[in-house]
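Spelled out from the first residue to the last, the chains are:
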Amino acid sequence: MRRFGTAVLHAFRAVGGAARRAAPGAVVGMVTAAAAVAVGELAAVLTGPRTAPAIAVGSAAIDLTPTPLKEFAIRNFGTNDKLVLLIGIYTTLAVIAVVAGVLALRRLAYGLVLVALFGLVGAWAALSRPTGSFQDVWPSVLAALAGAAVMTLMAASARAAGMAAPSSRAQDVGPGPVDAFLPPWARDRRGFLTLAAGTAGAAAVTGLAGRVAVDKRYDVTLKRSRVRIPAPAVPAPPLPAGVHPDVAGLSGFITANPDFYRVDTALVLPQVDPDAWRLRIRGMVDHPLELTFADLLARPLIEHDQTLSCVSNEVGGSLVGTARWIGASLADLLREAGVRRGADQLVGRSVDGMTIGAPVESVLDGRTGLLAVAMNGEPLPVAHGFPCRMLIPGFYGYVSATKWLVDLELTTFADYDAYWVRRGWARLGPVKTASRIDVPRPFARVAAGTVTVAGVAWATHRGVDAVEIRADGGPWRPAGLAASDGPDTWRQWTGDLTLAAGPHRIEVRATDGTGAVQTEQRTDTFPSGSTGWHSVVITVV
Ligand SMILES: Nc1nc2c(c(=O)[nH]1)N[C@H]1C(S)=C(S)[C@@H](COP(=O)(O)O)O[C@H]1N2
Ligand SMILES: [Mo]
């Protein structure tokens, strides 16, 4: 026991000693990284927010992330998945920076190699973006150059202060050519720390200034606020009275824009200038078209309520919402372009290179597919695709709802796999019948007697014809259906169960407009959407 205790103590001492010896190197590395990131951010003012090294690397990481991991991230972090990714990237960078700094104090060249690698990875990531162009490498190149300069200076200062790790090779610790440039005050311990703090401060100011300038230069909030959406030629009828039963805790029938779920691969939101926006319609068409935003707004606009849901939504999950959209008819536009025979896939491309493919047949079968420009009475929010997104009722978002849309290509499923299909997701993504219990909340404690159960059910474009609930595997009872706003939206429902004291498990299932009952069988979200009944466990007291 005592032997063990002594061993632990020794281990701690050894680690502590190593940490102390590594500290100057860690400082050199962190300051180097700070300077590099800051210069990268500043350079991105010229080339766009997506070209800043950390963002470019993050975006490349999203595209390279294996599907199960991406599913895990969406499942566990939801809309925060991007924040988690960025924290991961900066943490990785910090670790590499410390290693680089420690190496630099042994031999500067080793540290510089890592800095160069950092620049190369950033440049490669920027180039690998679907919309990447050669100038996009500049932020990473300049970042690496700034990092190299700072590392060289800091290492010289550490050396002069006698803080560099003792090396077996004398020439590695001896004065280098840079030392001539080193100001006299930076040649002792205090000078080293002053240099580090000063550089870190300058990096913080530069980086923040870069960020602010990027946000300002590319921000479309002002232009968006000036957009006037014309009154729709085909307004939606007012919502039927009673689409929303008055039950506390039940989701609203219309999902407010700030509450609407967001799922996309955009690490920074694309800022699309509506004045510069063009939509091309091309591929297997007789007359390729190009529209400006004014052209789009001049078309007869249709107002339509539609529920949008994500294929990654788990049973009972919240990646679903309903909005009142306004847009131009997608089918009319395709007819004008003249779809050639054999074209069975419509691929929507976004300004950031996302590709989303939908069956042409469905777009032309009479449903209300839109090139949407408004959501719940305002221009599309930037997070939801401003200035224009695609919407096709009946399909999950990943095959129908391209945000920041700039290009429509008519092609075939045989010839082209869109982004998610290449990652193993189903080619066709019709929405599966789903129902969710909103009230009571899981693990709620409710009073004995009649328990009110309420929720939503959707089978987008097929509609919901019935909802049933039951407790503890007992007989199914029909729930009361709220008024219907048509097959393209979800339907609220409520029901009462009489429950004795104790724990209970409440389940729900829906029947869609074709008469098919929602399947009990649980399947994963991958590759074509989850199935199974939602249940909540409550305690009656
Ligand atoms: N450009 C672009 N459009 C996109 C996506 C994306 O990653 N990029 N994600 C799709 C997915 S998977 C879904 S579920 C819907 C979500 O739309 P929302 O964020 O407006 O709710 O957008 C779709 N459109
Ligand atoms: Mo999705």
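Note that the structure is a prediction, hence the values are computed from the model and not measured.

## Thoughts on the UniProt feature "domain: Oxidoreductase molybdopterin-binding" (unreviewed entry) in the protein chain
In step 1: Under the present numbering, the feature "domain: Oxidoreductase molybdopterin-binding" (unreviewed entry) in UniProt falls on residues 269-419.
In step 2: Taken end to end, residues 269-419 is 13% helix and 38% strand, and its two terminal C-alpha atoms sit 18 Å from one another.

## Regarding the pairing of strand 5 (residues 345-350)
In step 1: Burial of strand 5 is extensive: six of the six residues sit out of reach of the surface.
In step 2: Here strand 5 shows a buried face lined by Gln-345, Val-347 and Arg-349 and a second buried face lined by Leu-346, Gly-348 and Ser-350.
In step 3: In this structure, strand 5 lies alongside strand 6 (residues 355-359), joined through five bridges in antiparallel fashion. Within the sheet, the bridge partner assigned to Leu-346 lies in strand 6 and is Ala-358.
In step 4: Counting the residues in the hairpin turn of strand 5 and strand 6 gives four residues, including Gly-353, whose phi is positive at 90°.
In step 5: Taken together, the six bridges between strand 5 and strand 10 (residues 405-411) define a ladder with antiparallel strand orientation. Residue pairing for strand 10: Gly-348 is matched across the bridge by Leu-408.

## Concerning the packing of helix 2 (residues 53-64) against helix 4 (residues 81-106)
In step 1: Axis separation between helix 2 and helix 4 bottoms out at 10 Å; the angle between their running directions is 120°. Crossing hand, helix 2 versus helix 4: right-handed. On the side of helix 2, the interface is formed by Ala-54, Ile-55, Val-57, Gly-58, Ala-61 and Ile-62, while helix 4 contributes Leu-85, Leu-86, Ile-89 and Tyr-90.
In step 2: Per-class residue counts for the contact of helix 2 with helix 4 are nine nonpolar, one polar and no charged.

## Some details on the pattern of salt bridges
In step 1: Per the stated rule, a full pass over the model turns up 26 salt bridges.
In step 2: When the shortest N-O distance is used, the salt bridge between Arg-282 and Asp-407 registers 2.7 Å. Note that Arg-282 is positioned in strand 1 (residues 278-283) and Asp-407 in strand 10, a separation of 125 residues in sequence.
In step 3: The salt bridge involving Glu-409 is made with Arg-349; its shortest N-O contact spans 3.2 Å. Highlighted residues: Glu-409 in strand 10 and Arg-349 in strand 5, separated in sequence by 60 residues.
In step 4: Overall, Glu-409 belongs to the buried group, its relative accessible area being 17%.
In step 5: Salt bridges linked by common partners bring Asp-81, Lys-82, Arg-262, Asp-264 and Lys-403 together as one network.

## Things to note about the UniProt feature "transmembrane region" (unreviewed entry) in the protein chain
In step 1: Mapped onto the present numbering, the UniProt feature "transmembrane region" (unreviewed entry) falls on residues 27-46, 83-103, 109-127, 139-158 and 192-214.
In step 2: Annotated as residues 83-103, this span is 100% helix and 0% strand, and its ends, taken at the C-alpha atoms, are 30 Å apart.

## Focus: empty space enclosed by the protein
In step 1: The tally for this structure, following the rule as stated, stands at three cavities of 30 Å³ or more.
In step 2: Along its surface, the largest cavity is lined by 27 residues, and Val-263, Asp-264, Gly-397, Tyr-398 and Trp-420 are the ones closest to its centre.
In step 3: The residue inventory of the lining of the largest cavity, partitioned by class, reads 13 nonpolar, seven polar and seven charged.
In step 4: The space that makes up the second largest cavity amounts to roughly 170 Å³.
In step 5: In terms of lining residues, the second largest cavity is bounded by 20 residues, among which Asn-313, Glu-314, Ala-434, Trp-458 and Ser-530 are the most central.
In step 6: By residue number, the principal contributor to the lining of the second largest cavity is strand 11 (residues 434-439), which donates three residues.
In step 7: Counting contributing residues, the lining of the second largest cavity receives three or more from each of domain 2 (257-423) and domain 3 (434-540).

## Some words on the sheet that holds strand 12 (residues 445-446)
In step 1: What the five strands build is an open sheet, ordered 12-19-18-14-15; its pairing is mixed. Only two strands of the sheet have a single neighbouring strand rather than two, namely strand 12 and strand 15 (477-478).
In step 2: As judged from the seven bridges shared by strand 14 (residues 464-471) and strand 18 (residues 502-512), these two strands associate in the antiparallel manner. By the bridge assignment for strand 18, Ala-471 is matched with Ile-506.

## Concerning the domain arrangement of the protein chain
In step 1: Partitioning the protein chain into structural domains gives domain 1 (15-218), domain 2 (257-423) and domain 3 (434-540).
In step 2: For domain 1 versus domain 2, the distance between C-alpha centres works out to 39 Å.
In step 3: With 19 residues of domain 1 at the interface, the matching set in domain 2 holds 18 residues.
In step 4: Contact between domain 1 and domain 2 buries roughly 1600 Å² in total, counting both sides, with carbon and sulfur atoms accounting for 60%.
In step 5: For domain 1, the biggest contributors to the area lost against domain 2 are Arg-50, Ile-74 and Lys-82; these three give 31% of the whole.
In step 6: At the junction of domain 1 and domain 2, the tally comes to one salt bridge.
In step 7: The partner of Asp-264 in a salt bridge is Lys-82, and the shortest N-O contact between them spans 3.4 Å.

## A closer look at the layout of surface pockets
In step 1: By volume, the largest pocket amounts to about 690 Å³.
In step 2: Taken together, 36 residues line the largest pocket, and the ones lying closest to its centre are Arg-50, Thr-131, Val-351, Asp-352 and Gly-353.
In step 3: Counting residues per element, the ones that place at least two in the lining of the largest pocket are helix 2, helix 8 (189-218) and helix 13 (419-422).
In step 4: The leading source of residues in the lining of the largest pocket is helix 2, at three residues.
In step 5: Here the residues of the lining of the largest pocket sort into 16 nonpolar, 11 polar and nine charged.
In step 6: Domain assignment of the residues forming the lining of the largest pocket places at least three in each of domain 1 (15-218) and domain 2 (257-423).

## Thoughts on the packing of aromatic side chains
In step 1: The full count for this structure, using the stated rule, is nine aromatic pairs.
In step 2: Taking 6.0 Å as the distance between ring centres and 80° as the angle between the ring planes, the aromatic pair formed by Phe-260 and Trp-325 counts as edge-to-face. One end of the pair, Phe-260, is in the loop between helix 9 (221-226) and strand 1; the other, Trp-325, is in strand 4 (residues 320-329), and 65 residues separate them in sequence. Taken individually, Phe-260 and Trp-325 each receive the classification buried, so the pair is uniform in this respect.
In step 3: Ring centres of Tyr-419 and Trp-420 lie 4.9 Å apart, and the angle between their planes is 80°; this geometry places the pair in the edge-to-face category. The pair formed by Tyr-419 and Trp-420 is uniform in burial state, with each residue classed as buried.
In step 4: Positioned above the aromatic ring of Tyr-419, the side-chain terminus of Arg-423 is 3.7 Å from the ring centre.

What counts as what
Residues numbered from 1 in each chain as written. Chains lettered and ligands numbered in written order. Predicted model: local features only at pLDDT ≥ 70, side-chain atom pairs only at ≥ 80, totals over all residues. Heavy atoms only, no water. UniProt positions renumbered as here; feature names shortened; annotations may be inferred. Helix = DSSP H or I, 4+ residues; strand = E, 2+ residues; numbered from the N terminus. Buried < 20%, exposed > 50% of the residue type's maximum accessible area, 1.4 Å probe, protein only. Pairing = 2+ DSSP bridges. Axes fitted to C-alpha atoms, helices over the stretch in contact; angles between N-to-C directions. Left-handed = near helix turned anticlockwise from the far one by under 90°. Contact = heavy atoms within 4.5 Å. Nonpolar A, V, L, I, M, F, W, Y, C, P; charged D, E, K, R; others polar. Salt bridge = Lys/Arg side-chain N within 4 Å of Asp/Glu carboxyl O. 1 Å grid on protein atoms, 1.4 Å probe; cavity = no way out; pocket = protein on both sides within 12 Å on 5 of 7 lines; lining within 4 Å. Points joined across faces, edges and corners; volume = space filled by probe spheres on them. Domains from an automatic or database assignment. Buried area = accessible area lost by both parts, 1.4 Å probe. Phe/Tyr/Trp six-rings, centres within 6.5 Å; stacked < 30°, edge-to-face > 60°. Lys NZ or Arg CZ within 6 Å of the ring centre and 35° of its normal.

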